[in-house]
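# Coordinate analysis (summary)
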Amino acid sequence: MNLHEYQAKELLKRYNVPTQSGIAVENVDDAVKAYKQISSETGTKFAVIKAQIHAGGRGKGSMKEVPTQNGVKVIKSAEEVETVATNILGNTLVTIQTGDAGKVVHKILVAQDMYYDGPSERKEFYLSILLDRAKKQNVIMYSTEGGMDIEEVAHNTPEKIFKEWVAPNMQLQPFQARKIAFNLGLSGDALKNMVKFVTNLYNAYVGLDCAMLEINPLFKSADDKVFAVDCKMNIDDNALMRHPDLADMRDKNEEDPTEVEAGEHNLNYVKLDGNVGCMVNGAGLAMATMDMIKLAGGEPANFLDVGGSANAQTVEAGFRIIMKDPNVKAILINIFGGIVRCDRVAAGVIEAYKNMGNINIPIIVRLQGTNAEVAKELIENSGLKVQSAILLSEAAELVQNAVSAN
């Protein structure tokens, strides 16, 4: 589950991680009030407005409605706040990570300006924490080259990216935190502050069950203080049962509506770019089904795992979700009846057909396992235009033939 910058910073404060202060708002009037409050607290007229979307590259992106306006803007007056907030709120921001469709901005963060000192005094670093699956350890990646172009740094000068690994059942050791600070070229108070920052940040990563935590830029001011100026945080969905307060932070506006609907029916759904809709029980079988579709010359349009507790209602919901994709030219239903009974799936297919009316998309069904013969008989006697298959390879070929015919 991705969080917005302002949400992530609030969570970091729980772990005593210094962050750039700011106020999230949803309308222009509140933006002006927030600016005045921050200006009063910091004693400077400078502040910054940041669009809050689940995507990076906001500073280099542009608003569809106002192409000259990007998603991050330094401002120095209430009048400028009003103009910038009007240009951003409710409009669509397009960045390198959103694609051409962009994302609608529902909130902005009015934050303090951290760049109050000279360029020669301040420094920007990069730091992120995530799981290194190959080593089965958490890894802290960091670099002296922080800022908007970290992707280019990783591509062109990978030697400037440092890594520090931590076993999942271990805390970040003091010597490791000092090593990170040394590699960033710090000394004195800056080194001490960085050691505290990295230690607390790692504690936040573990304590919040993060899948990824990225600080870019990680900022050192002229007086050697260290702050998280930006923060991207992704919470492991499987751990949300331990964090009901975090689950409430989910912003469904930032997610694919179809995937949200699938989640409400306890379906595991991921939209892809192909033209063959898939409905399978079990993640492993779903991956194998997608592979067979590819081998037959087709392109999967989705990953959809109905799980082991599928019933007629679940199958119908999955059917409706697949049908919402206009690119789908055929549907392959591949069910192995171990936990879930094949006749339940067949009943769901028949019920979906009846409730949805005329379905012109070819449907191929492969049902094997518990009550497979009963399921086959149900489908054959239903009068529906559904093709059945025994082998998965046969089913994939039938799907590809159906797509080609369309």
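Before reading further, recall that the structure is shown in the block above.
## Looking at helix α3 (residues 78–88)
- Taken together, the buried positions of α3 are occupied by Ala78, Glu80, Val81, Val84, Ala85, Asn87 and Ile88.
- In this structure, the buried side of α3 is in contact with α2 (28–42), β3 (47–51), β4 (62–63), β5 (72–75) and β8 (108–112).
- Residue Gly90 follows α3 closely and has a positive phi angle near 80°.

## Focus: the layout of surface pockets
- When its volume is computed, the second largest pocket comes out at roughly 580 Å³.
- Surrounding the second largest pocket, 17 residues form its lining, Asp237, Arg250, Glu255, Glu259 and Tyr269 being those nearest its centre.
- Those elements that provide at least two residues to the lining of the second largest pocket are α8 (257–264) and β15 (268–271).
- Considering only residue class, the lining of the second largest pocket consists of seven nonpolar, five polar and five charged.

## Topic: the nonpolar core
- In terms of nonpolar packing, the biggest core is built from 41 residues, with Leu12, Ile140 and Met233 touching the most fellow members.
- For this core, the secondary-structure elements that each account for two or more residues are α1 (5–13), β9 (123–132), β10 (137–143), α5 (174–183), α6 (188–207), β12 (210–220), β13 (226–228) and β14 (232–235).
- Counting residues per element, this core draws most heavily on α6, at ten residues.
- With sequence-adjacent residues up to four places away left out, Leu12 is seen in contact with Val17, Thr19, Leu201, Ala204, Leu213, Ile215, Ala228, Cys231 and Met233.
- With 32 residues, the next largest nonpolar core counts Met279, Ile335, Ala352 and Tyr353 among its residues.

## Quick word on the sheet that holds strand β6 (residues 92–94)
- Spatial ordering of the open sheet is given by β4-β6-β7, a layout of three strands whose pairing is antiparallel. Each edge of the sheet is formed by a strand with only one pairing partner; in this case those strands are β4 and β7 (103–104).
- As paired elements, β4 and β6 share two bridges and run antiparallel to each other. In the strand pairing of β6, Ser62 is matched with Val94.

## Focus: the sheet that holds β5
- Here four strands make up an open sheet; going across it, the order is β2-β8-β3-β5 and the pairing antiparallel. Every interior strand has two partners, whereas the edge strands, β2 (22–25) and β5, have only one. Averaged over neighbouring strand pairs, the angle between their axes works out to 20° when direction is ignored.
- Where β3 and β5 come together, four bridges link them in antiparallel fashion.

## Observations concerning the environment of Lys73
- Assignment of secondary structure puts Lys73 in strand β5.
- The exposure class assigned to Lys73 is partly exposed, which follows from its relative accessible area of 34%.
- It is 15 Å that separates the C-alpha atoms of Lys73 and Ala34, two residues lying 39 residues apart in sequence.
- In this structure, Lys73 is in contact with Ala47, Val48, Ile49, Glu80 and Val84, ignoring residues within four places of it in sequence.

## Quick notes on unusual backbone geometry
- Omega for the bond connecting Asn216 with Pro217 falls within 30 degrees of zero, at 10°, which places this linkage in the cis form.
- Mapped onto the secondary structure, Pro217 falls in strand β12.
- Here the phi dihedral of Asp224 falls at roughly 70°; this positive angle occurs in a residue that is not glycine.
- On the basis of relative accessibility, which here comes to 24%, the residue Asp224 falls in the partly exposed class.

## Comments concerning a negative patch on the surface
- A cluster of like negative charges, contributed by Asp29, Asp30, Glu79 and Glu82, occupies part of the molecular surface.
- Every element with two or more residues in the negative patch is listed here: α2 and α3.
- Within the element layout of this structure, Glu79 appears in helix α3.

## Comments concerning the pattern of salt bridges
- Throughout the structure, instances matching the rule amount to 20 salt bridges.
- For Arg14, the salt bridge is made with Asp245, and the minimal N-O distance between the two is 3.2 Å. Taken as a pair, Arg14 in the loop between α1 and β2 and Asp245 in helix α7 (residues 244–247) lie far apart in primary sequence, 231 residues in all.
- The exposure class of Asp245 is partly exposed, given its relative accessible area of 36%.

## Description of the packing of helix α11 (residues 342–356) against helix α12 (residues 372–380)
- Running from N to C, α11 and α12 point in directions that differ by 20°, and their axes come no closer than 7 Å. Taken together, the axes of α11 and α12 are roughly parallel relative to one another. Seen from above, α11 lies across α12 with right-handed handedness. The segment α11 lies against α12, with Cys342, Asp343, Ala346 and Ile350 engaging Ala372, Val374, Ala375, Leu378 and Ile379.

## Concerning the side chain of Gln112
- Here Gln112 shows up in strand β8.
- In this structure, Gln112 is in contact with Thr19, Gln20, Ser21, Ile38, Thr42 and Val48, ignoring residues within four places of it in sequence.

## Description of the packing of α5 against α6
- Remark: α5 packs on α6, axes separated minimally by 9 Å, with the N-to-C direction vectors making an angle of 125°. It follows that α5 is oblique to α6 by the angle criterion. Here the hand of the crossing between α5 and α6 comes out right-handed. Along the contact surface, α5 presents Ala177, Arg178, Ile180, Ala181 and Phe182, while α6 presents Leu191, Met194, Val195, Val198 and Thr199.
- Its residues placed into classes, the contact of α5 with α6 shows eight nonpolar, one polar and one charged.

## Quick notes on the state of the cysteines
- Evaluated as defined, the whole model comprises zero disulfides.
- The thiol sulfur of Cys210 is not disulfide-bonded, and the nearest other cysteine sulfur, from Cys231, lies at 7.9 Å.
- With relative accessibility at 8%, the residue Cys210 sits in the buried group.
- No disulfide involves Cys278; its sulfur sits 17 Å from that of Cys342, the nearest cysteine.
- Accessibility expressed as a relative area gives 2% for Cys278, which makes it buried.

Reading guide: rules and limits
Residues numbered from 1 in each chain as written. Predicted model: local features only at pLDDT ≥ 70, side-chain atom pairs only at ≥ 80, totals over all residues. Heavy atoms only, no water. Buried < 20%, exposed > 50% of the residue type's maximum accessible area, 1.4 Å probe, protein only. Helix = DSSP H or I, 4+ residues; strand = E, 2+ residues; numbered from the N terminus. Contact = heavy atoms within 4.5 Å. 1 Å grid on protein atoms, 1.4 Å probe; cavity = no way out; pocket = protein on both sides within 12 Å on 5 of 7 lines; lining within 4 Å. Points joined across faces, edges and corners; volume = space filled by probe spheres on them. Nonpolar A, V, L, I, M, F, W, Y, C, P; charged D, E, K, R; others polar. Core = buried A, V, L, I, M, F, W, Y, C linked by side-chain atoms within 4.5 Å. Pairing = 2+ DSSP bridges. Axes fitted to C-alpha atoms, helices over the stretch in contact; angles between N-to-C directions. Patch = residues over 30% accessible without salt bridge, like charges linked within 9 Å, V, L, I, M, F, W, Y side chains within 5 Å. Areas by Shrake-Rupley, 256 points an atom, 1.4 Å probe, with all protein chains shown as cover. Salt bridge = Lys/Arg side-chain N within 4 Å of Asp/Glu carboxyl O. Lys, Arg positive; Asp, Glu negative; His and termini not counted. Charge placed at Lys NZ, Arg CZ, Asp CG, Glu CD. Parallel < 35°, antiparallel > 145°, perpendicular 65-115°, else oblique. Left-handed = near helix turned anticlockwise from the far one by under 90°. Disulfide = S-S within 2.5 Å.

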